[in-house]
Amino acid sequence: MRGNRVLSNIVAGQAVHERYGGVVPELASRAHQKHIVPVVHDALAAAGISTAELEAIAFTEGPGLMGSLLVGGSFAKGLAISLGTPLVAVDHMMAHVLAHFIHDDEKSSPTFPFLCLTVSGGHTQLVLVRSALDMEVVGHTLDDAAGEAFDKAAKLLNLGYPGGPRIQQLAENGNERAFTFSTPNVGSFDFSFSGIKTSFLYLVQREMKNDPEFLEKRMSDLCASYQRHLVDYLLARLRQAAIHFGVNDLALAGGVSANAHLRDRFASLANELNMRSHIPAFQYCTDNAAMIGMAAQFKLQHGELAGLDTTTKARMKF
Ligand code: KG4
Ligand code: ZN
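Let me begin by describing the structure that accompanies this report. Remember, predicted model here, so these are calculated numbers, not experimental data.

So, on to the sheet that holds strand E7 (residues 276-278). The strand order across the open sheet built from five strands is E5-E4-E3-E6-E7, with neighbouring strands paired in mixed fashion. Looking at which strands have only one partner, the edges of the open sheet turn out to be strand E5 (134-140) and E7. For this sheet, the mean angle separating the axes of adjacent strands, direction not counted, is 25°. The pairing of strand E4 (residues 124-131) with E5 spans six bridges and is classified as antiparallel. Each bridged residue has a counterpart across the sheet, and for Val127 the counterpart in E5 is Val137. Those strands touched by helix H9 (residues 260-272) are strand E3 (114-119), strand E6 (249-253) and E7, and its axis lies near 170° from that of E6.

We now examine the coordination of the zinc ion (ligand 2). Only His92 (NE2), His96 (NE2) and Asp287 (OD) from the protein coordinate the zinc ion (ligand 2), and they sit 2.0 to 2.2 Å from it. When the donors of the zinc ion (ligand 2) are listed by position in the chain, the intervening gaps give H-x3-H-x190-D. A residue pair is termed a helical-turn pair when its members lie 3 or 4 positions apart in one helix, as His92 and His96 do in helix H4 (residues 92-98) at four residues. By the burial criterion, His92 is buried, and His96 matches it.

Taken as a whole, this structure holds two cavities of 30 Å³ or more when the rule is applied. By volume, the largest cavity amounts to about 70 Å³. Residues of the lining of the largest cavity, tallied by class, amount to five nonpolar, two polar and three charged. Here the second largest cavity defines a volume of roughly 40 Å³. Considering the residues around the second largest cavity, the lining is formed by Val90, Asp91, Met94, Ala95, Leu98, Leu133, Ala295 and Lys299. Contributions of two or more residues to the lining of the second largest cavity are made by strand E2 (87-91), H4 and helix H10 (289-301).

Another aspect to go through is the layout of surface pockets. Looking at the second largest pocket, its volume works out to about 520 Å³. Around the second largest pocket, the lining comprises 18 residues; the ones closest to its centre are Gly122, His123, Gln125, Arg315 and Met316. Those elements that place two or more of their residues in the lining of the second largest pocket are E4 and E5. Broken down by class, the residue content of the lining of the second largest pocket amounts to seven nonpolar, seven polar and four charged.

Right, let's get into the pattern of salt bridges. Taken as a whole and assessed by the stated rule, the structure comprises 15 salt bridges. Here Lys313 and Glu61 are joined by a salt bridge, their closest N and O atoms 2.6 Å apart. One end of the pair, Lys313, is in the segment after H10; the other, Glu61, is in strand E1 (residues 57-62), with 252 residues separating them in the sequence. Using a relative accessible area of 12% as the deciding quantity, one classes Glu61 as buried. With a shortest N-O distance of 2.0 Å, Arg239 and Glu272 are connected by a salt bridge.

With that out of the way, let us pick up the packing of aromatic side chains. Within this structure, the stated rule accounts for twelve aromatic pairs. With a centroid separation of 5.5 Å and an interplanar angle of 85°, the aromatic rings of Phe101 and Phe298 are classed as edge-to-face. On the criterion of sequence distance, the pair formed by Phe101 in the loop between H4 and E3 and Phe298 in helix H10 is long-range, its members being 197 residues apart. Accessibility assignment for this pair places Phe101 and Phe298 in one class, buried. Between Phe200 and Tyr226, the ring centres sit 4.4 Å apart and the planes meet at 45°, which makes this aromatic pair tilted. In this pair, Phe200 is assigned in helix H7 (residues 194-210) and Tyr226 in helix H8 (residues 214-245), connecting sequence segments 26 residues apart. Tyr226 matches Phe200 in its accessibility class, with the two residues each being buried.

Conventions we followed
- Residues numbered from 1 in each chain as written.
- Chains lettered and ligands numbered in written order.
- Predicted model: local features only at pLDDT ≥ 70, side-chain atom pairs only at ≥ 80, totals over all residues.
- Heavy atoms only, no water.
- Pairing = 2+ DSSP bridges.
- Helix = DSSP H or I, 4+ residues; strand = E, 2+ residues; numbered from the N terminus.
- Axes fitted to C-alpha atoms, helices over the stretch in contact; angles between N-to-C directions.
- Contact = heavy atoms within 4.5 Å.
- Donors = N, O, S within 2.8 Å, 3.2 Å for Na, K, Ca; no water.
- Buried < 20%, exposed > 50% of the residue type's maximum accessible area, 1.4 Å probe, protein only.
- 1 Å grid on protein atoms, 1.4 Å probe; cavity = no way out; pocket = protein on both sides within 12 Å on 5 of 7 lines; lining within 4 Å.
- Points joined across faces, edges and corners; volume = space filled by probe spheres on them.
- Nonpolar A, V, L, I, M, F, W, Y, C, P; charged D, E, K, R; others polar.
- Salt bridge = Lys/Arg side-chain N within 4 Å of Asp/Glu carboxyl O.
- Phe/Tyr/Trp six-rings, centres within 6.5 Å; stacked < 30°, edge-to-face > 60°.

Read these as layout, nothing more, since geometry by itself doesn't imply function.
Listed below in structure tokens is the structure:
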């Protein structure tokens, strides 16, 4: 990163997860170890930057899988020691939100305070963002994350991992009103996805009993209806919170914000509420290093450096 601009953003795919229909933590950390040196090398080469020019090294402090976090944290510390540069520790969930401040194009950034719906494979949060480093989670999931609701349904349908993009693709020509699922009603601005996932499972089991070829015949209707239901559920909560907090700007973040249906419907909701909508560029929705770099810029500006004794954390709160 140079300021708010991305000089290079290299993502190492972890094809290893495809084979098991999900992330196996031990395999993930081994893949990180294998990829980290070539990825850093490629990033510097693509940016046309030498290590001597680096002014700070950022890494993800958490939350996430401990093995993978340890690989990144240890590597960043080693690099910072060898170059004598400051180190910045970044919260992964804050970074998803701050991806909105990357200026690759003329897209405008949200104005504070804004409300962000962060939807990823591990988290579902409604975040009230007062400033870059002052955020409050005002609603969150009590069980599964929105991305997991996609991934687990896809696994049941044998569609592979990650499930979100596969369900979106199959939903394209389907009837989104063909099937209905449960709508859990939990308190305030919180979410629950486990009941929706179970109602999906029961529906598939029931229909398969009636017609063993149900999945072959109705796959796109099933995916379209499920995708619509998850988006309806997310946006109903966002709508309540947006009105309650009276913000002027709404933002979307996290891997699930790559979903085309969610992006469209989110923009329509903001329009209807007379609020501005902010959707990250596709490459900054799913996990990426640019958003970590962007968050680190804010922390650097505020002098928030990390010591070498900073430990990575599986769980974090901001
Ligand atoms: O933010 P992310 O890359 O990783 C985590 O921090 O968890 O989010 C990954 C999640 C996965 O659950 C994946 O299925 C979902 O984002 N996802 C999508 C789409 N692309 C990725 N979900 C729905 N539609 C998509 N197009
Ligand atoms: Zn993420």
